[in-house]
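Geometric and topological summary
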Amino acid sequence: MDAHAPAHAGEEAHSHPKPATYLKVAVILFVLTALEVLLFEAGRGGLGASVRPIFEPIVIEVLLVLSAAKFALVAMFYMHLKQDPKLLSNLFVFPLLLAATIIGTLIILMSYWRVVGAK
Amino acid sequence: MSDAAAHAIEHHTSTGIDSRKVAIWTLIGSECLFFASLISMYLVYKGKSLVGPLPHAESQCMLHGHMQACEQIFEIPLVTFGTAVLLFSSFFVVLALYGAQKGDRKMLIRWLSMTVLCGLFFIGMQVYEFQHFYHKGLGYSTNLFGSTFYTLTGFHGSHVTVGVIWLSTLLVLAIRGKLPAEKSLNLEIAALYWHFVDVVWIVIFPVVYLMR
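Residues numbered from 1 in each chain as written. Chains lettered and ligands numbered in written order. Predicted model: local features only at pLDDT ≥ 70, side-chain atom pairs only at ≥ 80, totals over all residues. Heavy atoms only, no water.

Regarding the packing of helix H3 (residues 76–102) of chain B against helix H4 (residues 105–135) of chain B
Residues and elements named next belong to chain B. Rules: Each axis is a line fitted through C-alpha atoms, taken for helices only over the stretch in contact, and angles between the N-to-C directions span 0 to 180 degrees. Helix numbering and strand numbering both begin at the N terminus, where a helix is a DSSP run of H or I of at least 4 residues and a strand a DSSP run of E of at least 2. What sets the label is the angle itself: under 35 degrees gives roughly parallel, over 145 gives roughly antiparallel, 65 to 115 gives roughly perpendicular, and the rest give oblique. Crossings are assigned a handedness: left-handed for a near helix turned anticlockwise from the far helix by less than a right angle, right-handed for a clockwise turn. Classes in brief: Ala, Val, Leu, Ile, Met, Phe, Trp, Tyr, Cys and Pro nonpolar; Asp, Glu, Lys and Arg charged; the others, Gly included, polar.
Between H3 and H4, the least distance of the axes is 8 Å, while the angle of their chain directions is 160 degrees. The pairing of H3 with H4 is recorded here as roughly antiparallel in orientation. In this structure, H3 meets H4 at a crossing whose hand is left-handed. Here the contact of H3 with H4 is composed, by residue class, of 21 nonpolar, four polar and one charged.

As structure tokens, then:
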């Protein structure tokens, strides 16, 4: 047994964050979502033609980073992975890495076949 | 609650973690792979539709029996609001769980009700969106975008619906006084499922709606 693993559900509850922490996370999530939409607008010229060339090339990369940050915040604080036993994190992280690999591999494979097909 | 009854609720396992919690995390892990396949499908077919309507651009599409110009189909402000509501529902359910663990029934019922309302709003938004898109000429088999979009967001919406039903049953139990602090793990498991539905949307929102 993990030395830090709580023996009972009741003990787990004591190690979970307080409502003030949950509120801080909620505010950060809201701000990150607002940033995503602002970036989308800047990338398509909705915030003026002058800023479009700056943001258009980096929209996808920054959106992925912001999305990953939001994902991590919810998993760590709301799903309590930061406080709960490592076994639960492993049960989540391993399939998550596998999922990311599947998405990446399929995109690369389909792009490759598109290039080969075009020749 | 008697000591014997409280003892019966606790599940002592070799890992020291309740088996139900391990089970929900295993389910969540498998769901990651399920949604990864749907997101891959959407990304692989992105930009390959031969006819409109398209998500971010004007196009030619078949509407009322003949080809005509169609405007872009997404309404970002509405979906952004829906996304914010779903994010806040995750905040509300952790407050409900905090109340349940502390034995604060008022707090539990207040925040769990808010969570269910947020879930219902999100489902309503998605039903409106699907109906709106259909009237703009985007059916399930209109083009590749329609097929992949409805499949991905439809499966997510069905998961939200399951979550709302699950949380509603717990809300009824809480109102009847049948969700004491000793049984708070029941809510924690439902909340984990709800948060997963939220994190899936955190990925779907930028990938589907914001990436052009």
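Some thoughts on unusual backbone geometry
In this model, B:Gly52 is joined to B:Pro53 through a cis peptide bond whose omega is 0 degrees. With respect to the element layout, B:Pro53 can be found in the loop between helix H2 (19–44) and strand S1 (59–63). Non-glycine residue A:His80 carries a positive phi angle of around 60 degrees. Following the sequence through the fold, A:His80 ends up in the loop between helix H4 (59–78) and helix H5 (86–118).

Brief notes about H4(A)
Condition: Here, expected helix span is obtained from the residue count minus one, scaled by 1.5 Å. Any two residues having at least one pair of non-hydrogen atoms within 4.5 Å are treated as being in contact.
With 20 residues, H4(A) should cover 28 Å at 1.5 Å per step; its first-to-last C-alpha distance of 27 Å lies within 8% of that length. Those residues of H4(A) that are buried lie in contact with helix H2 (19–43), helix H3 (52–55) and H5 of chain A together with H3 and helix H6 (184–210) of chain B.

Comments concerning the pairing of strand S2 (residues 66–70) of chain B
Residue and element names in this part refer to chain B. Formally: We call two strands paired when DSSP finds no fewer than two bridges between them.
Looking at chain direction, S1 and S2 are connected through five bridges and run antiparallel. Within the sheet, the bridge partner assigned to Cys61 lies in S2 and is Gln68. The turn linking S1 back onto S2 is made up of two residues, and His64 within it adopts a positive phi angle of 55 degrees.

A short note on the confidence of the model for chain A
The criterion, for reference: The predictor rates its confidence in each residue with pLDDT, a number between 0 and 100.
In this model, chain A carries an average pLDDT of 84, and 88% of its residues clear a pLDDT of 70 or more. Contacts of residues 1–14 of chain A to residues separated by more than four positions or lying in other chains number 21 contacts, the stretch itself having pLDDT below 50.

Notes on the interface of chain A and chain B
Let me state the cut-off plainly: Summed over both partners, buried area is the accessible surface (1.4 Å probe) that two parts give up on being assembled. Note on definitions: salt bridges are taken to be side-chain nitrogens of Lys or Arg within 4 Å of carboxyl oxygens of Asp or Glu.
Each partner contributes residues to the interface: chain A has 49 residues there, and chain B has 50 residues. The junction of chain A with chain B conceals about 4,400 Å² of combined surface from both sides, 78% of it contributed by carbon and sulfur atoms. Considering only the surface of chain A that becomes buried against chain B, A:Phe40, A:Tyr78 and A:Met79 emerge as the three largest contributors, covering 13% of it. The tally of links from chain A across to chain B stands at one salt bridge.

What about the environment of B:Leu170?
All names here are of chain B. Counted only if it meets this: Think of it in three bands: with a 1.4 Å probe and only protein chains considered, a residue is buried below 20% of the maximum accessible area for its type, exposed above 50%, and partly exposed in between.
If you trace the backbone, Leu170 turns up in helix H5 (residues 144–175). Leu170 sits in the buried class, given a relative accessible area of 6%. Between the C-alpha atoms of Leu170 and Val22, which are 148 residues apart in sequence, the distance is 20 Å. Once you skip the residues sitting within four places of it in the chain, Leu170 turns out to touch Leu112, Leu179, Asn186, Leu187 and Ala190.

A word on the state of the cysteines
Residue and element names in this part refer to chain B. How we decide: Note that a disulfide, as used here, is simply two cysteine sulfur atoms within 2.5 Å.
According to the stated counting rule, one finds one disulfide over all chains in the structure shown. One disulfide bridge connects Cys61 with Cys70, the sulfur atoms lying 1.4 Å from each other. Under the relative-accessibility criterion, Cys61 is labelled buried at 0%. Take Cys70: its relative accessible area is 6%, and that puts it in the buried class.

Structural notes on the nonpolar core
Most often, soluble globular proteins keep nonpolar side chains buried together rather than apart. Rule in force here: Nonpolar cores were defined as sets of buried Ala, Val, Leu, Ile, Met, Phe, Trp, Tyr and Cys residues, with membership established by side-chain atoms within 4.5 Å.
Residues A:Tyr78 and B:Leu187 are the most contacted members of the largest nonpolar core, which totals 92 residues. For this core, the secondary-structure elements that each account for two or more residues are H2, H4 and H5 of chain A together with H2, H3, H4, H5 and H6 of chain B. Top contributing element to this core by residue count: H6(B), with 20 residues. Filtering out sequence-adjacent residues up to four positions away, B:Leu187 remains in contact with B:Ala96, B:Leu97, B:Ala100, B:Leu108, B:Leu112, B:Leu167, B:Leu170 and B:Leu179.

As for H2(A)
Spanning 25 residues, H2(A) covers 36 Å between terminal C-alpha atoms, matching the ideal 36 Å at 1.5 Å per step. Phi for A:Gly45, located one or two positions after H2(A), is positive at around 90 degrees.

Thoughts on the pattern of salt bridges
Residues and elements named next belong to chain B. Tallied over the full model, the rule gives seven salt bridges over all chains. Note that Glu188 and Lys21 form a salt bridge whose closest N and O atoms lie 2.8 Å from each other. Placement of Glu188 in helix H6 and of Lys21 in helix H2 is noted, with a sequence separation of 167 residues between them. Lys21 shares its class with Glu188; the two are buried.

Comments concerning the confidence of the model for chain B
Low pLDDT marks regions whose predicted coordinates should not be analysed in detail. Residues and elements named next belong to chain B. Looking at chain B as a whole, its pLDDT mean stands at 91, while 95% of the residues score no less than 70. The lowest-confidence element of chain B is helix H1 (residues 3–9), averaging 47 in pLDDT; the highest-confidence one is H5, averaging 97. Across the interface, the model reports ipTM at 0.85; the global pTM reads 0.88.

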